[in-house]
Amino acid sequence: MKVGRNDPCPCGSGKKYKKCCMEKDEAAGRARESEAKRAAASAGWSAEFTAALEQGSGELLAHDDRDDEVFIDFDEDDLSCDDEESDDETEEAEGAFWQTFADADQDGKIAMFFEAIAKPNALENDQAGYMLECIHWECLRTEDRETYAGLVQALRQRLPAAYDRDALLHLHNMIITAAACDRWQEVRALANEMAGIADQGLEAFNRVIVLLMYHGQLALLREAVDLAWPVVNSASDLPPRAIEKFVPLAVHCSIFDYLEQRPVPDGAEENLMMRLNRFAGLKAGWMTKVIGLITGQAQRRWTMSDFDFTADSEKAKERRGRLLDSPGWLNIHDLSLEFLGYLHDRENVPYTRAELARIALVEYLLVRQAGTLEEFQTLYHLTRKGKRRRRKAGQRPPRHVLCPDRETLAFVFQRQLLPLERYHEAAAFFELVPAWLRFLAGRGLLDTELQQRTLTELAGLQESLIDCFDDCYEYPALAAATRNWNRASLAAS
């Protein structure tokens, strides 16, 4: 079974795999690959054979130009003991190199990296990327955010092919570093470069989009998304889940950009619809409804009866109980769009960060109401057709359908958002829970006593989240915002 980077290390140390035995295990894997290549070379097999082995093509036989006879061309003299001893010595030397690298301190690793890239053909396959990744994590841990970028530039100048092989990873890491230092012009250049190769790793590019959303960098987002879309749209082998995440984010960022630029927005504006329809075909009237809810033009009045889930509509029953078809589910979605506008207009939260919180909030409320928190990870599961699952025995319905509670919220953070590395969504959600409670109270959907009791209970999650975000060396802003949670929530209450 493959061990994930953030899983507990199989050695039992209690540390994450990436911070314990991952370096050693990956070095051992590279040593095995190198041994197979050297075995081919020591047998005197043709260059075509060795290339086929490296490519994994399985074409292990070569053709002689003199006739059509198929043969394996090697000389028995090549199978000498001297060659075997030489191979053993090479393998031992390589193993010693990686062991020395693993045991070295940060300065030692950097020195070994510079020494390696100074030698022609010194690094094979992904070895340069592996060395840099190890150095990068230590740079993040020690808040040395300048060293890594210099090493990447050195690799790009000395071994451009090695840089290109892992360009997406290097760009992603440099964006993280620049964002942590609030160097947004540098982030802009890096994000645009990454957008041009987004098809090589759309999941990584999506993480950059989320990072920029958390920091409210809407102008950078629009530019990067526009550059990435032609590449993404023309690709034929992207993971469906990555596309399902990219397209809604692109649509929402376009809507927010429009709202920021139009004092009196019109959901039926032709230019807006043309832009949005590049990413997805939208139903007529959908945009008018969304704009109306976000801006408050809809002026809808809510009561708790609007969120009654005791009986699904006949339409939902006809569709075999799809969870999002009942009026209660749809009303939660509409209420969350009003909350989005409230955050922007009343609490001065950027649309993009508010959207991250809104997405996590809606997921949480829906799966909690369904009573199947352990079975869902994203809204995608709620939109699938199929038999509706019953609430497990012992799972109590929430005391208030719209009000978070500590037990289930802790479960969502610990078992869903954080293990999936959805750190920015988790942080934005927790940061803005107090604002959600204020919003509900202002709409007459929550009494003051339950509002204060909920805040007091959720304060118990703060320290656990701080510990988690402190381990996210890449994103120092998350821990800082979580530390400020009590002060911000009490000041605004």
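Everything numeric here is computed off the predicted structure, so don't read it as measured data.

**Thoughts on the overall build of the protein chain**
Here's step 1: Check the secondary structure of the protein chain and you find 24 helices and two strands.
Here's step 2: Sequence separation of at least 24 residues holds for 66% of the intrachain contacts in the protein chain that already meet a minimum separation of 6.
Here's step 3: Accessible surface for the protein chain amounts to roughly 25,500 Å². Of this, 49% is attributable to carbon and sulfur atoms.

**Things to note about the pattern of salt bridges**
Here's step 1: Enumeration over the complete set of coordinates arrives at 22 salt bridges.
Here's step 2: Ionic pairing is found between Arg 188 and Glu 223, a salt bridge with its closest N-O pair at 2.9 Å. With a gap of 35 residues between them, Arg 188 in helix α9 (residues 184–195) and Glu 223 in helix α11 (residues 218–234) connect regions that are remote in the sequence.
Here's step 3: Given the relative accessible area of 34%, Arg 188 is considered partly exposed.
Here's step 4: The class for Glu 223 is partly exposed, based on a relative accessible area of 27%.
Here's step 5: Here the residues in one salt-bridge network are Arg 222, Asp 226, Asp 257, Arg 275 and Arg 278, joined through shared partners.

**Here we look at the nonpolar core**
Here's step 1: One finds Phe 205, Phe 246, Phe 413, Trp 436 and Phe 469 to be the most contacted residues of the largest nonpolar core, which totals 134 residues.
Here's step 2: Top contributing element to this core by residue count: helix α20 (residues 423–442), with 13 residues.

**Concerning the packing of helix α10 (residues 202–214) against α20**
Here's step 1: Orientation of α10 relative to α20, taken along the N-to-C sense of each, is 25°, at an axis distance of 10 Å. As far as their axial angle goes, α20 and α10 are roughly parallel. Between α10 and α20 the crossing geometry is left-handed. On the side of α10, the interface is formed by Val 210, Leu 211 and Tyr 214, while α20 contributes His 424, Glu 425, Ala 427, Ala 428 and Glu 431.
Here's step 2: Taken together, the residues of the contact of α10 with α20 break down into five nonpolar, one polar and two charged.

**Here's the deal with the packing of aromatic side chains**
Here's step 1: For the coordinates displayed, the defined rule picks out 20 aromatic pairs.
Here's step 2: On the numbers, 5.9 Å between centres and 65° between planes, the contact of Phe 113 with Phe 114 is edge-to-face.
Here's step 3: On the basis of relative accessible area, Phe 113 is assigned to the buried category, the value being 0%.
Here's step 4: Ring geometry for Phe 205 against Phe 246: centres 6.4 Å apart, planes inclined by 40°, an arrangement best described as tilted. Taken together, the positions of Phe 205 in helix α10 and Phe 246 in helix α12 (residues 240–261) put the pair 41 residues apart, joining distant regions of the chain. Here Phe 205 matches Phe 246 in class, with each residue buried.
Here's step 5: One aromatic cluster is present, formed by Tyr 364, Phe 413, Phe 429, Phe 430 and Trp 485 through successive ring pairs.
Here's step 6: Across the ring face of Phe 101, the terminal group of Lys 109 is positioned such that the distance to the ring centre comes to 5.5 Å.

**Topic: the state of the cysteines**
Here's step 1: The final tally for this structure, using the stated rule, is zero disulfides.
Here's step 2: Cys 468 provides the cysteine sulfur closest to Cys 472, a residue in no disulfide bond, and the two sulfurs are 4.7 Å apart.
Here's step 3: On the accessibility criterion, Cys 472 (4% relative accessible area) is buried.

**Re the packing of α20 against helix α22 (residues 462–470)**
Here's step 1: It is at 12 Å that the axes of α20 and α22 come closest, and there the two elements cross at 150°. Considering the angle they form, α20 stands roughly antiparallel to α22. Seen along the crossing, α20 lies across α22 with a hand that is left-handed. On the side of α20, the interface is formed by Tyr 423, Ala 426, Ala 427 and Phe 430, while α22 contributes Gln 462, Leu 465 and Phe 469.
Here's step 2: Looking at the contact of α20 with α22 residue by residue, the classes come out as six nonpolar, one polar and no charged.

**Focus on unusual backbone geometry**
Here's step 1: You will see that Asp 182, though not glycine, has its phi angle at about 60°, which is positive.
Here's step 2: By the element assignment, Asp 182 lies in the loop between α8 (167–180) and α9.
Here's step 3: Judged by its relative accessible area of 54%, Asp 182 is exposed.
Here's step 4: Its identity is not glycine, yet Gln 299 carries a phi of approximately 50°, on the positive side.
Here's step 5: For Gln 299, a relative accessible area of 68% puts it in the exposed group.

**Points about helix α17 (residues 351–370)**
In an α-helix there are 3.6 residues to a turn, and that puts residues three or four apart on one side.
Here's step 1: Taking 1.5 Å per residue as the helical rise, α17 with its 20 residues ought to reach 28 Å, and the 28 Å between its terminal C-alpha atoms agrees with that figure.
Here's step 2: Across the 20 residues that make up α17, a large majority, 19, are buried.

**Examining the environment of Asn 173**
Here's step 1: By the secondary structure assignment, Asn 173 is in helix α8.
Here's step 2: According to the relative accessible area criterion, Asn 173 is buried, its value standing at 3%.
Here's step 3: Taking the C-alpha atoms as reference, Asn 173 lies 8.6 Å from Ala 149; in sequence the two are 24 residues apart.
Here's step 4: Those residues within four positions of Asn 173 in sequence are excluded, and the remaining contacts are Glu 133, His 136 and Tyr 148.

**Description of α20**
Here's step 1: Between its terminal C-alpha atoms α20 stretches 29 Å, which fits the 28 Å expected from 20 residues at 1.5 Å a residue.
Here's step 2: Along its length, α20 shows its largest kink, about 45°, at Val 433, and proline Pro 434 lies within four residues downstream of that point.
Here's step 3: Counted residue by residue, α20 has 18 buried out of 20 residues, so it is predominantly covered.
Here's step 4: Looking one or two residues beyond α20, the residue adopting positive phi is Gly 444, at roughly 75°.

**Here's the deal with the environment of Ala 357**
Here's step 1: With respect to the helices, strands and loops of the structure, Ala 357 is situated in helix α17.
Here's step 2: Setting aside residues no more than four positions away along its own chain, Ala 357 makes contact with Ala 428, Phe 429 and Leu 432.

**Quick look at the confidence of the model for the protein chain**
Here's step 1: For the protein chain, the mean per-residue pLDDT works out to 78, and 71% of the residues sit at or above 70.
Here's step 2: Ignoring residues within four places in sequence, the model shows residues 36–80, a span with pLDDT below 50, making 44 contacts including any to other chains.

**Considering the side chain of His 252**
Here's step 1: Structurally, His 252 can be placed in helix α12.
Here's step 2: Setting aside residues up to four positions removed in sequence, His 252 forms contacts with Glu 355 and Arg 358.

Parameters and conventions
Residues numbered from 1 in each chain as written. Predicted model: local features only at pLDDT ≥ 70, side-chain atom pairs only at ≥ 80, totals over all residues. Heavy atoms only, no water. Helix = DSSP H or I, 4+ residues; strand = E, 2+ residues; numbered from the N terminus. Contact = heavy atoms within 4.5 Å. Areas by Shrake-Rupley, 256 points an atom, 1.4 Å probe, with all protein chains shown as cover. Salt bridge = Lys/Arg side-chain N within 4 Å of Asp/Glu carboxyl O. Buried < 20%, exposed > 50% of the residue type's maximum accessible area, 1.4 Å probe, protein only. Core = buried A, V, L, I, M, F, W, Y, C linked by side-chain atoms within 4.5 Å. Axes fitted to C-alpha atoms, helices over the stretch in contact; angles between N-to-C directions. Parallel < 35°, antiparallel > 145°, perpendicular 65-115°, else oblique. Left-handed = near helix turned anticlockwise from the far one by under 90°. Nonpolar A, V, L, I, M, F, W, Y, C, P; charged D, E, K, R; others polar. Phe/Tyr/Trp six-rings, centres within 6.5 Å; stacked < 30°, edge-to-face > 60°. Lys NZ or Arg CZ within 6 Å of the ring centre and 35° of its normal. Disulfide = S-S within 2.5 Å. Expected span 1.5 Å × (residues − 1). Bend = angle between axes of the 7 residues up to and from the residue. pLDDT = per-residue confidence, 0-100.

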